[in-house]
Amino acid sequence: MILLKQLLKRLDEIAPLAIAEEWDNVGLLVGDPDSEIHRVMTCLTITQATVSEAIAKRVDCIVVHHPIPFKPISQITTSTSTGRYLWQLASNEIAVYSPHTAWDNARFGINQKLAEFFQLEDIRPMVPLKSEIVNRISSLVPAEDLRLIGTGRIGTVTKDETISMIISGIHEMIHKPRIERNQSLITKVNRIAFVCGSGGSFANAAKKAGADLLITGEATYHQFLEASNLGLGLITFGHYPSEAGAMRVLSDMLCESFPELQVWRSHDETDAYCTEI
Ligand SMILES: [Zn+2]
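**Student:** How do you make sense of the coordination of the zinc ion when you look at a structure like this?
**Tutor:** Note on metal geometry: ideal angles are 109.5 degrees for four donors arranged tetrahedrally and 90 or 180 degrees for six donors arranged octahedrally. Distances from the zinc ion to its protein donors, H66 (NE2), H239 (NE2) and E243 (OE), fall within 2.0 to 2.1 Å. Mapped onto the sequence, the donors of the zinc ion take the spacing H-x172-H-x3-E. Note that H66 is positioned in the loop between β5 (61-64) and α3 (81-91) and H239 in helix α11 (residues 239-257), a separation of 173 residues in sequence. Residue H66 shares its accessibility class with H239, and that shared class is buried.

**Student:** Any chance you could explain helix α2 (residues 48-56) here in plain terms?
**Tutor:** Since one α-helical turn is 3.6 residues long, residues separated by three or four positions face the same way. Every buried residue of α2 is accounted for by T50, V51, E53 and A54. Around the axis of α2, the buried residues are gathered within 165° of arc, so they sit on the same side. Directly beyond the C-terminal end of α2, a positive phi value near 50° is found at R58.

**Student:** What am I meant to see in the sheet that holds strand β9 (residues 180-181) here?
**Tutor:** Pairing between the strands of a sheet is mediated by backbone hydrogen bonds and can be parallel or antiparallel. With respect to topology, six strands assemble into an open sheet ordered β7-β8-β10-β11-β12-β9, the strand pairing being mixed. Among the strands making up the open sheet, the edge pair consists of β7 (121-128) and β9. With six bridges connecting them, strand β8 (residues 150-162) and strand β10 (residues 188-198) associate as antiparallel partners. Paired with G155 across the strands is I192, a residue of β10. Each of β7, β8 and β10 touches helix α5 (residues 110-117); the most contacted strand, β10, lies at about 150° to it. Contacts between helix α10 (residues 221-230) and the sheet are confined to β9 and β12 (233-236), with β12 contributing the most and set at about 150° to the helix.

**Student:** Could you clarify how one ought to interpret the domain arrangement of the protein chain in this entry?
**Tutor:** The assigned domain composition of the protein chain is domain 1 (2-102) and domain 2 (107-239). In this assembly, seven residues from domain 1 lie in contact with ten residues from domain 2. Approximately 700 Å² of surface area, both sides summed, lies buried where domain 1 meets domain 2, with 60% of it carried by carbon and sulfur atoms. Interface area lost by domain 1 to domain 2 is led by A18, I19 and E22, which between them contribute 55%. Here domain 1 is connected to domain 2 by one salt bridge. Residues E22 and K130 are paired through a salt bridge, measuring 3.1 Å at the closest nitrogen-oxygen approach. Connecting domain 1 to domain 2 are three residue pairs in polar contact (both at pLDDT 80 or more).

**Student:** I'm lost on the pairing of β10 in this one. Help?
**Tutor:** Within a regular strand, the side chains alternate between the two sheet faces. In terms of burial, β10 is a largely internal element, eight of the eleven residues being buried. Bridge count between β10 and strand β11 (residues 213-218): five bridges; the pairing is parallel. Note that in β11 the partner of F194 across the bridge is I215. In terms of handedness, the path from β10 via helix α9 (residues 203-208) over to β11 forms a crossover that is right-handed.

**Student:** I would appreciate a short explanation of the packing of helix α1 (residues 4-14) against α11 in the present structure.
**Tutor:** Helix packing geometry: the angle between the two helix axes and the distance between the axes. Axis separation between α1 and α11 bottoms out at 11 Å; the angle between their running directions is 125°. One element, α1, and the other, α11, form an angle in the oblique class. You can see that α1 and α11 cross each other, and the crossing is right-handed. Residues L7, R10, L11 and I14 of α1 touch α11, and the partners they reach there are L250, M253, L254 and S257. Of the residues in the contact of α1 with α11, the class split is six nonpolar, one polar and one charged.

Criteria and thresholds
Residues numbered from 1 in each chain as written. Predicted model: local features only at pLDDT ≥ 70, side-chain atom pairs only at ≥ 80, totals over all residues. Heavy atoms only, no water. Donors = N, O, S within 2.8 Å, 3.2 Å for Na, K, Ca; no water. Helix = DSSP H or I, 4+ residues; strand = E, 2+ residues; numbered from the N terminus. Buried < 20%, exposed > 50% of the residue type's maximum accessible area, 1.4 Å probe, protein only. Arc of directions from axis to C-beta. Pairing = 2+ DSSP bridges. Contact = heavy atoms within 4.5 Å. Axes fitted to C-alpha atoms, helices over the stretch in contact; angles between N-to-C directions. Domains from an automatic or database assignment. Buried area = accessible area lost by both parts, 1.4 Å probe. Salt bridge = Lys/Arg side-chain N within 4 Å of Asp/Glu carboxyl O. Polar contact = N/O pair within 3.5 Å; in protein donor to acceptor, adjacent residues only side chain to side chain. Right-handed = clockwise from strand over helix to strand, strands pointing away. Parallel < 35°, antiparallel > 145°, perpendicular 65-115°, else oblique. Left-handed = near helix turned anticlockwise from the far one by under 90°. Nonpolar A, V, L, I, M, F, W, Y, C, P; charged D, E, K, R; others polar.

What follows is the structure, given as structure tokens:
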């Protein structure tokens, strides 16, 4: 018999909540840690599709990347989509856990995986952890892992890479990426920074960390302009494509840790963007 609290403990080992960004709302957001669990589903976002799949397949806990609720709410009623999802989930005794930026920043988390896919050398956090967080988690995390936890990742390419080679690499990594890039004079790339999701605001941090290219999920028009002003290359390939694969990685890790549980990545979740235009 597996209790929800055992799953929570394992999730905190994989992506310690203490390394999430301060503004985030992570951890167990709905549920009873003492409840028994059999079926766990991972997904990127709570939508009607993922809620309906969880109910139909009698899921006990959803591990969702994006927190719900994210900001404090005053009512849980069906008059808003957030209230409707929470009401449906709680009524069906489905717990909700979100690791969000703890999973982005983790030793083997989303940004680490992106940097490893491009076979970068000397991969390290683009923005290291603050010293007070290092102190708080130093007893929980091996010392050699501590320096590999933080916001984003930066690394050095191992062979000559051009922007077009990097874009081919994104096509190899992701089925149908939605690629946009800025007007940048950069042709050769030496150091690349990765920030999954909405990372357009990290142009300055990427430049400061020594990157000449930032690859992220999405950015605004003005963030593309800002990157060009900094002399930084900026490539986006879609918020969903930049993070969705990591929820399969997480479900595989949980499967391995708990062979008694049924764990899967949502089958019904899709990107909010339609690529068939
Ligand atoms: Zn995201």
